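Residue strings, one per chain:
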There are 4 protein chains.
Amino acid sequence: MSDVKRVVLAFSGGLDTSVILKWLQQTYQCEVVTFTADLGQGEELEPARAKAKLMGVPDHHIFIDDLREEFVKDYVFPMMRGNALYEGLYLLGTSIARPLIAKRQIEIARAVGADAVSHGATGKGNDQVRFELGYYGLAPDIRVIAPWREWDLTSRTRLIEFAEAHQIPIPRDKRGESPFSTDANLLHTSSEGKVLEDPWEEVPDYVYSRTVNPEDAPDQPEIITIDFERGDGVALNGEGMSPATLLTALNELGRKHGIGRLDLVENRFVGMKSRGMYETPGGTIYHLAHRGIEQITLDRGAAHLKDELAPRYAELIYNGFWFSPEREMLQAAIDHSQEKVTGTVRLKLYKGGVHVIGRKSPYTLYSEKVVTFEDDAGAYDQRDAAGFIKLNALRLRLLGRRDGR
Amino acid sequence: MSDVKRVVLAFSGGLDTSVILKWLQQTYQCEVVTFTADLGQGEELEPARAKAKLMGVPDHHIFIDDLREEFVKDYVFPMMRGNALYEGLYLLGTSIARPLIAKRQIEIARAVGADAVSHGATGKGNDQVRFELGYYGLAPDIRVIAPWREWDLTSRTRLIEFAEAHQIPIPRDKRGESPFSTDANLLHTSSEGKVLEDPWEEVPDYVYSRTVNPEDAPDQPEIITIDFERGDGVALNGEGMSPATLLTALNELGRKHGIGRLDLVENRFVGMKSRGMYETPGGTIYHLAHRGIEQITLDRGAAHLKDELAPRYAELIYNGFWFSPEREMLQAAIDHSQEKVTGTVRLKLYKGGVHVIGRKSPYTLYSEKVVTFEDDAGAYDQRDAAGFIKLNALRLRLLGRRDGR
Amino acid sequence: MSDVKRVVLAFSGGLDTSVILKWLQQTYQCEVVTFTADLGQGEELEPARAKAKLMGVPDHHIFIDDLREEFVKDYVFPMMRGNALYEGLYLLGTSIARPLIAKRQIEIARAVGADAVSHGATGKGNDQVRFELGYYGLAPDIRVIAPWREWDLTSRTRLIEFAEAHQIPIPRDKRGESPFSTDANLLHTSSEGKVLEDPWEEVPDYVYSRTVNPEDAPDQPEIITIDFERGDGVALNGEGMSPATLLTALNELGRKHGIGRLDLVENRFVGMKSRGMYETPGGTIYHLAHRGIEQITLDRGAAHLKDELAPRYAELIYNGFWFSPEREMLQAAIDHSQEKVTGTVRLKLYKGGVHVIGRKSPYTLYSEKVVTFEDDAGAYDQRDAAGFIKLNALRLRLLGRRDGR
Amino acid sequence: MSDVKRVVLAFSGGLDTSVILKWLQQTYQCEVVTFTADLGQGEELEPARAKAKLMGVPDHHIFIDDLREEFVKDYVFPMMRGNALYEGLYLLGTSIARPLIAKRQIEIARAVGADAVSHGATGKGNDQVRFELGYYGLAPDIRVIAPWREWDLTSRTRLIEFAEAHQIPIPRDKRGESPFSTDANLLHTSSEGKVLEDPWEEVPDYVYSRTVNPEDAPDQPEIITIDFERGDGVALNGEGMSPATLLTALNELGRKHGIGRLDLVENRFVGMKSRGMYETPGGTIYHLAHRGIEQITLDRGAAHLKDELAPRYAELIYNGFWFSPEREMLQAAIDHSQEKVTGTVRLKLYKGGVHVIGRKSPYTLYSEKVVTFEDDAGAYDQRDAAGFIKLNALRLRLLGRRDGR
């Protein structure tokens, strides 16, 4: 008899989580409740239901939820308000999905009276950390089972053997070694492992699934507009859209124009470097558009403070600290800045590139009258600059007198 | 009689600084020493000599210096080590040239016994601040003359009238209003004003001068390599090059592939927003290549600290504080991190895009053995992750117990 | 005829602002509206009314407001939530009062239809900046008159002459040179100038006015408690008090025990160093008590983020940017952290020292069970520490293998 | 047969590390090399030699090193240059000693050909992390044995039994439960545990060992001076001293005047809060003196950057990352600022308080001429302040026009 009675498993329906389902039942002699989320990964979810049933999970313990709107509205958009880029380049597509999965899993655990949760993330990656920090933050006393850190199915061969021994269907393409592994949701697809492991070798084209090769993208640029309200996207080309609808539409545009491919060697929270390939088609467009609208609506003080906080904010999300007081504090600061981040950005999409070519806003802080080279009718007295420079220089002059140069 | 005896003027030989030269002579009844720097702006400098002579500057008071190598080696490259981007996007091409001009001007002032320096920057811009903070920091008691803040030539018409009245040659294309103003050096060309003043309107194609339109760039991507040693570029496609030679070669590549165009609304230090267009062809390639080599050679702790310091560092350069203790402190931190930033980056250039597609280094910190999904022969014990997560979660669990969620 | 019709003057009733009142009337031929605030500076305010009347200000243009509660509740306490210390030591007593005065002055200007505001701060100090950034932020088009930067009363003698010539009463002790100048409010008294100008010389005892010399303080320590709710003090020794009442009571305790004296050489925003003496009796106690209650109620992530933001936050307040987006963003982050900062702190006051000796809270995050050396019944598994250390060390090991040492 | 052949143990000679010595010999059947450091903890070290011999450690495997000068010069002073305070208050006395012990242990391991190192830190504390991050950073492939995380001697009783069973001498006062545990070195003594575990209860007076109770300190204040050169203390009252001699002398002064007691609830790196008592008598004086000399010798830009970096720097030291690239980068920045931090600070010590009352320097940046209220002969033009304020206000005015208030 095990001390675990009922466990909620984050269940994709794929081979690995199917094996985990069975392994949990067997190892812990416990009920397994499955939770499958539609985060826009672009896969059918009903097969997951069938598989769960096949392994004896009763209907009322199979949870399949469409979380796409919640994902974009409460996770992707808030993060985008912060212009978060991990290590200067990565739009955090995987990182930002994990807290939502963890949160829903805990909600289900409470609803069904489960005493444990489980996930299929491996022991070398960041996702185990993100899932489990989410679990523990939301349900401090929950039992967490991480099969990849516990079991002895440490090679592909043994995993397949276990699956065969337990009548778990094995997709043909999973028999052999997969040349890379992927994670996908509405924001991005990531790939890593095997063929990507030499950071000197170019990522083979077949690894990309969400975007055309820029070289195959249309020869004509496409001009679009995105409307923002209070820091969040609300319309594409003037047509109002819900968060997930907007991101989906931007993904389609990004795919077509080969936008958002990133080949990165990054530093994992668990301490090693890994090489990954990311495709963030719509997110890349959105990120730059958001910067574009901020350019005319954010005050310099707010903008620079945001820029200084952004690396830390991104690191917190990457490391799995979405549900932490410090991430929430930074979010409070970021959100405070977004009240007037409203207006329209015009962008040109072309052959892998996104170029902001125009922005306007009812709340613009840009003033032609002040900035013009021409006579500005007293909006700005050039003589003020002399005093401004003199006082900014004062400490440097005192220093120069002391130190010479 | 004026209290200024001899003034060193940053003199381009163009209409504006020619007018200033004459105006200084007339207004201050003083000797004017001209200083013209070759920073790679791509203009002939000898005409400047002729013009200075024409206005009576004696040969030994005409200084024309080729500062290209010093510019790239001591200013551009150190800045690039810091991955500096102002407001997330701008590579600081104008900002980084000003301190060098100021420094050389002060050296000349000392050499010729001048008591003042002067420049042609306007009273609304950042450059006046950058020049003058440089002057004051290096020569605290120097007299600074900023004609644009002092004189009454406040319209184009009056400037032209003054020129005509004093036999200053007026280039045909300067008679009318220029549709925009530009600044250029080896790192970039910037344009602003007039036709660019509505941030909703796309920058007209004729404003660009350093790059082809991406749509007109070659249909075939080009693969290049850049070698780095201790954080600085040393070779292109395996061929060793001096700093300025390397940047010049990258500029040529960038021009050809339409790389490095940026349309930006930025916040000036003097308090207003302005809209500018930047072309940084070689610098854009170099910046991304430097990030690429850092990805495998920098430790996470160093990399993240650099990322957190970068916005502040960029702001200091933008605001004109190159010669300040705090910029130097940040530089000391940045430079300390670059000792092993040595290796080769492979990049693909295509239609305005720069894509890092490979990096290798004798000092790589990337370890396939550690990161692999496969059995890693004990390089990493997955069980360690459990403890790592547990202790990272401890404070969140205590918090969760207190607060619920 | 002047272009100023009606000006609201921040009027203390002292000699300087009396001279300013007259000078404004004379120079601008305008109506002067006086505003005198009770911020707890400990002076009678009615004499200010009499003086204003004497110089012809009609009753309905004399404003005397008791702002003590607003000052503590909306300015001092929010700042204390951020543990703000300028340059590591200064509790910002002058800086935090200026925005409130500016705000009220603008309100009055609007109420009486004034087109200008004026203040008595000198041209070398920080206060002119703080007042005027406040004015401009709240009323962008207001006219600001800063007599000390405009007039020719540049020596004490001429000021006195002007006063005599205009029948302005001169207090006996103002005839000669004052040995130092002071500013006071409920939070602190500052002194600077003259006898304090040599930073090697000890501040003479007669400069202190708010505290006894620690050497003359009671030989017996006094134990007190302060209760906090959501980050703000609410009770002293168990007795509920309004913000200003609490600070007043703490000031009395601080005075008695010689607490809160600070001799500081600080860096002014206008670029020079100055030497000041501060007495912040109650504020010093409060600041340490607030840190004490945070120690058990704030999570580490929140606490460390606050510590990292605090120097910037303090700098903003010191420099006069209270009414700026970036100060408000930081405040939003800080305030977000204070929800559970509730509980009681016990302190010992003795001979200039404040010592936190106990803290308790219904929301404490401190857990004896977890921290104990004894068997903790499974609250913490020491084995977890091994994995925690191993993964934190991983990057350092990879680095050590590369670099040796 | 064990896989460990020779282990270097950080050996104090006390009961715990004696038990560890024996346990290592027994459990791993290995040679134990003892290393005992004199860091100024104030204990005889020769008894450690005798104990080691008694347990069979040969003479040439007993290392007893006086590291006091190295400790202060290369660890305490560099840290003090950074004004490091953990959580605003703690001077990091324990944290800063660990890296030196780790470093020396690794040196010895190399010298004697040991394959492992061991320490006596418990599994709940920070010290295990600090030791082991040091070991791994300096010797990535070293084997680390942490007995407190491995063995089954989990209660005092069992530890005593083990000692008795193995003829390990047990000091009389170690038989019972110790009411608290301590760590001491030249910088500080810390105490925690048992009687300190309720953070509401005052620390009993008998816990303090390095300082008199302020109430028992002399009734007369004592005035001292400390001289600094390039950021480091070099003399007390004009008498030149080595680093360790200076700190020892300051400790004596601090002890006499009851200086440097701190009662703190802090956040451990391993995730829980703990309550500790610290006595840092000389370090407290030194820290404030260093701030004092910086006040007149550091430029504002440098000073504020240091203040912003200090919390992170302190956190790195607290968490055990002394030997990390990011700590070294920060140190490079800090050290760059200290070149002119030279001069003399005068301090008053009284009843637990340290008060800077004067500072002077050949490199002072403080200028009476500039700061004076009096006529300054043109050192500063008050009219400059108008332009300075106007341009600082410009963005706020544009914002105010947009947003109203």
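Above this text is the structure in question.
Model, not experiment: these values are computed from the prediction. (Residues numbered from 1 in each chain as written. Chains lettered and ligands numbered in written order. Predicted model: local features only at pLDDT ≥ 70, side-chain atom pairs only at ≥ 80, totals over all residues. Heavy atoms only, no water.)

1. Quick word on the overall build of chain A
Secondary structure summary: chain A contains 14 helices and 14 strands in total. The dimensions of chain A, computed from C-alpha atoms along their principal axes, are 85 × 55 × 45 Å. In chain A, buried positions account for 68% of the 405 residues. A separation of at least 24 residues holds for 72% of the contacts in chain A among residues at least 6 apart in sequence. (Helix = DSSP H or I, 4+ residues; strand = E, 2+ residues; numbered from the N terminus. Buried < 20%, exposed > 50% of the residue type's maximum accessible area, 1.4 Å probe, protein only. Contact = heavy atoms within 4.5 Å.)

2. Side note on the relation of the copies chain B and chain A
Both copies of the chain are tied together by a single rotation about an axis and a shift running along it. Mapping chain B onto chain A leaves a residual RMSD of 0.0 Å; the transformation is a rotation of 180° accompanied by 0.0 Å of translation along its axis. Taken together, these values place the two copies in the relation of a two-fold axis. The overlap is high: 100% of the interface residues of chain B also sit at the interface in chain A, so the same surface is used on both sides. (Least-squares fit on C-alpha atoms with pLDDT ≥ 70 in both.)

3. Considering unusual backbone geometry
Despite not being glycine, B:E87 shows a phi value in the positive range, around 50°. Along the chain, B:E87 falls in the loop between α3 (68-81) and α4 (98-112). Non-glycine residue C:R230 carries a positive phi angle of around 50°. Turning to its location among the elements, C:R230 is positioned in the loop between β8 (222-229) and β9 (232-236).

4. Re the interface of chain B and chain A
With 104 residues of chain B at the interface, the matching set in chain A holds 104 residues. A combined buried area of about 10,000 Å² lies between chain B and chain A, and 54% of that area is made up of carbon and sulfur atoms. In this assembly, chain B and chain A are joined by twelve salt bridges. Our count for the chain B to chain A interface comes out at 43 residue pairs in polar contact (both at pLDDT 80 or more). No other element matches the 15 residues that helix α14 (residues 382-403) of chain B contributes to the side of chain B that touches chain A. (Buried area = accessible area lost by both parts, 1.4 Å probe. Salt bridge = Lys/Arg side-chain N within 4 Å of Asp/Glu carboxyl O. Polar contact = N/O pair within 3.5 Å; in protein donor to acceptor, adjacent residues only side chain to side chain.)

5. What to know about the interface of chain A and chain C
The interface of chain A with chain C comprises 24 residues on the first partner and 24 residues on the second. Of the roughly 2,000 Å² buried where chain A meets chain C, counting both sides, 71% is carbon and sulfur surface. For the chain A face of the interface with chain C, the top three residues by lost area are A:L305, A:M329 and A:H336, together amounting to 28%. Summed over the shared surface of chain A and chain C, the result is two salt bridges. C:E308 is the partner of A:R312 in a salt bridge, and the nearest nitrogen-oxygen pair spans 2.8 Å. Taken together, chain A and chain C are joined by two residue pairs in polar contact (both at pLDDT 80 or more). When contributions to the side of chain A that touches chain C are tallied by element, the ones reaching two or more residues are α11 (300-319), α12 (325-336) and α14 (382-403) of chain A. At eight residues, α12(A) tops the list of elements feeding residues into the side of chain A that touches chain C. Here the residues of the side of chain A that touches chain C are counted per class, giving 13 nonpolar, four polar and seven charged. (Nonpolar A, V, L, I, M, F, W, Y, C, P; charged D, E, K, R; others polar.)

6. Section: the packing of helix α5 (residues 127-138) of chain A against α14(B)
Relative to each other, α5(A) and α14(B) sit at 30°, their axes nearing to 8 Å. Taken together, α5(A) and α14(B) sit at an angle that is classed as roughly parallel. Of the two possible hands of crossing, α5(A) and α14(B) adopt the one that is right-handed. Mapping the contact onto sequence places A:Q128, A:V129, A:E132, A:L133, A:Y136 and A:G137 in α5(A) and B:A385, B:I389, B:K390, B:N392, B:A393, B:L396, B:R397 and B:G400 in α14(B). Tallied by class, the residues present in the contact of α5(A) with α14(B) amount to seven nonpolar, four polar and three charged. (Axes fitted to C-alpha atoms, helices over the stretch in contact; angles between N-to-C directions. Parallel < 35°, antiparallel > 145°, perpendicular 65-115°, else oblique. Left-handed = near helix turned anticlockwise from the far one by under 90°.)

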